[in-house]
Amino acid sequence: MTNPSAWWKKGTIYQIYPRSFQDSNGDGVGDLPGIMQRLDYCRWLGCDAVWLSPIYPSPMADFGYDVSDYTAIDPVFGTMADFDALVSKARRLGLRVLLDLIPNHTSDHHPWFVASRQSRDNPYRDWYVWRDPAPGGGPPNNWQSHFGGAAWEFDAATGQYYLHTYLKEQPDLNWWNPEVRRAIYDVMRFWLDRGVDGFRVDAVAHLIKDAQLRDEPPNPDYQPHQPPYHRQLHVYSMDQPELAEVIAEMRAVVDAYGDRALIGESYLPIERLCRYYGHEGRGLSFPFNFQLIKSPWEAARVRAAVESCEARLSASMWPSWVLGNHDRARVASRIGRAAARAAAVLLLTLRGTPTLYYGDEIGMVDVPIPPEMVQDPCEKNLPGYGVGRDPERTPMQWDAGPSAGFTTGRPWLPVARDYPTCNVAAQRNDPTSMLTLYRRLLELRARHPALHLGEYVPVEQPVEQVMAYVRRSAAEQFLVAINFRPQRCDVLLAGLGLGGRVRVSTHLDRDGERFAGLVRLRGNEAVVVELGENL
Ligand code: NOJ
């Protein structure tokens, strides 16, 4: 059983993309001293943990997701002393620090791979997935890379192919090999010993592949607008049963350090994600649940996503919710800024740990990137599919000064044009801003056990544009009502038999308003109402 009061159940995680958060030395790329300057902000906002996307030495073919040394800091981000200082400052502020762990693949510059490709009998050969060409020549099987083209690269020097689920600069480690496992578990211990509070495990479903490397079958539902990776059903290259053992081993490493978190990244549907919790708490603390990113902004669809999660997770499985990250279009661009405020209410009142993507709290939008400024290898390899990830990785908008206060140099990606008005400084003292809304919601969530640990109870509504639910603990109850459309509508409280008072609303102009029987919502409005006879 998992600990019912583990910090990662009660807390909120804030994802920082280090390249884009705060630059301290004018090179146009964010860094650890920059993040350290902004930790007070994260705490002021009301988050409990920061998750840093990769900060390890890397040739940056995939901006840090191609690691060439797992136990050091890339000079572009700073030094190990900077990292230690950041962890101690976080600790002083009461903030936890989570790191990205990238165990599926290394960089092709990693010394393990450099050794592995030297010869077929090198001791590191079996640390990666090497195979002879197919009998008639060509790659050993039909597997495709996420980032375009075959998942195999031929290495002329040794006459074999190596597997890469992502870029050819990101060769896959062979997780069937116990030495690989031990090496990555040592990496985990290295950072746990330095005081980190856990990991977000990258591409976790890919670690174990079918031992026979069988061909993937075609995907009968493939649509031509989808990237080629979707032409196949990935039944052999990922999500294999033996993965449970690997995750249990990782969990044991983390558990030896007490109250630490192990979070996994996977876009699988909820019924398959459930397995990642493992048997009796021996799996992930939770896998990220991306259903809110994948679902259209429609009450019925979102409600179905939430309720399928509620129905499928047993008592020992803790839910999680995410609206955005560094791989997907920003929520304010997907559904519009007005609806994004309602989505904030949803994210921060559902049962389960919320993870916020930096900048979403001020309503940052995707920034169009001119072709000559494209950085993301995904966009470079697959132009025209709309898979580029630069638009959601642009610099954090701190103030109305040059480059939004992100850097004194030339930012590595362009700053959004709306930064003079859409920034932290402008929103900080504005009682109706998106930032104020996030802060108020985070404060309310933290203060009330009903909102962070309480039950989720759906409330039926006669109109299809509304989703309503109650969060309740033994001592308190909150009704959350969200209008998914720009048209006004009424929400019925009748079945609840209680009145209540608004504690927070998207428009931030209804505090304390009392209701009995009916809540009238304006377009895209959401309210959090504390229920009780005597309120
Ligand atoms: C998922 C990460 O979030 C993404 O940014 C990265 O490109 C791939 N995994 C490969 O590591």
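The structure presented is a predicted model; accordingly, all values stated were derived computationally and were not measured.

Draft legend 1. Inspection of the overall build of the chain at higher detail. In terms of regular secondary structure, the chain is built from 15 helices and 19 strands. Computed over C-alpha atoms, the radius of gyration of the chain comes to 23 Å, within 12% of the 24 Å expected from 2.2 N^0.38 for 535 residues, which places it in the range of a compact globule. Residue burial in the chain is summarised as follows: out of 535 residues, 59% are buried. Sequence separation of at least 24 residues holds for 68% of the intrachain contacts in the chain that already meet a minimum separation of 6. By element, 52% of the accessible surface of the chain is carried by carbon and sulfur atoms, the whole surface being about 19800 Å².

Draft legend 2. Local environment of helix H6 (residues 243-255). For H6, with 13 residues, the first-to-last C-alpha span of 18 Å sits near the 18 Å given by 1.5 Å per residue. For H6, the set of buried residues is Leu243, Val246, Ile247, Ala248, Met250, Arg251, Val253 and Val254. Lining the buried residues of H6 we find strand E3 (96-101), helix H5 (178-193), strand E7 (198-201) and strand E8 (261-264).

Draft legend 3. Representation of the site of the ligand in the model. Around the ligand, the neighbouring residues are Asp62, Tyr65, His105, Phe147, Tyr166, Arg200, Asp202, Glu265, His326, Asp327, Arg389 and Arg393. Measuring from an oxygen atom of the ligand, one finds a side-chain N or O atom of His105 at 2.9 Å. At 2.7 Å, a side-chain N or O of Asp202 approaches an oxygen atom of the ligand. Its free accessible area being 290 Å², the ligand has 98% of it covered by the protein chains. Here the shell around the ligand is composed, by residue class, of three nonpolar, two polar and seven charged.

Draft legend 4. Structural view of the environment of Leu99. Examined against the element boundaries, Leu99 turns out to sit in strand E3. A residue is classified by how much of its surface remains accessible, and Leu99, at 0% relative accessible area, is buried. Between the alpha carbons of Leu99 and Ala256 there is a distance of 17 Å; along the sequence they are 157 residues apart. In contact with Leu99, not counting residues within four places along its chain, are Trp51, Leu52, Ile55, Tyr56, Phe83, Trp191, Val196, Gly198, Phe199 and Arg200.

Draft legend 5. Here's a closer look at the sheet that holds strand E17 (residues 514-516). Spatially, E12-E13-E14-E19-E16-E17 is the arrangement adopted by the six strands of the open sheet, whose pairing is antiparallel. The open sheet terminates on both sides in strands that have one partner only, identified here as strand E12 (455-458) and E17. Put simply, the sheet's adjacent strands are angled 30° from each other on average, direction ignored.

Draft legend 6. Highlighting the packing of aromatic side chains. Under the criterion given, the structure shown has 28 aromatic pairs. Ring geometry for Tyr456 versus Tyr469: centroids 5.1 Å apart, planes at 35°, classification tilted. Here Tyr456, found in strand E12, pairs with Tyr469, found in strand E13 (residues 466-472); they are 13 residues apart in sequence, far enough to count as distant. Side by side, Tyr456 and Tyr469 carry an identical accessibility label, which is buried. Aromatic rings pair up to connect Tyr14, Phe21, Tyr41, Trp44, Tyr357, Tyr358 and Trp398 into one cluster.

Parameters at a glance
- Residues numbered from 1 in each chain as written.
- Predicted model: local features only at pLDDT ≥ 70, side-chain atom pairs only at ≥ 80, totals over all residues.
- Heavy atoms only, no water.
- Helix = DSSP H or I, 4+ residues; strand = E, 2+ residues; numbered from the N terminus.
- Rg over C-alpha atoms; globule rule 2.2 N^0.38 Å.
- Buried < 20%, exposed > 50% of the residue type's maximum accessible area, 1.4 Å probe, protein only.
- Contact = heavy atoms within 4.5 Å.
- Areas by Shrake-Rupley, 256 points an atom, 1.4 Å probe, with all protein chains shown as cover.
- Expected span 1.5 Å × (residues − 1).
- Near = heavy atom within 4 Å.
- Polar contact = N/O pair within 3.5 Å; in protein donor to acceptor, adjacent residues only side chain to side chain.
- Nonpolar A, V, L, I, M, F, W, Y, C, P; charged D, E, K, R; others polar.
- Pairing = 2+ DSSP bridges.
- Axes fitted to C-alpha atoms, helices over the stretch in contact; angles between N-to-C directions.
- Phe/Tyr/Trp six-rings, centres within 6.5 Å; stacked < 30°, edge-to-face > 60°.

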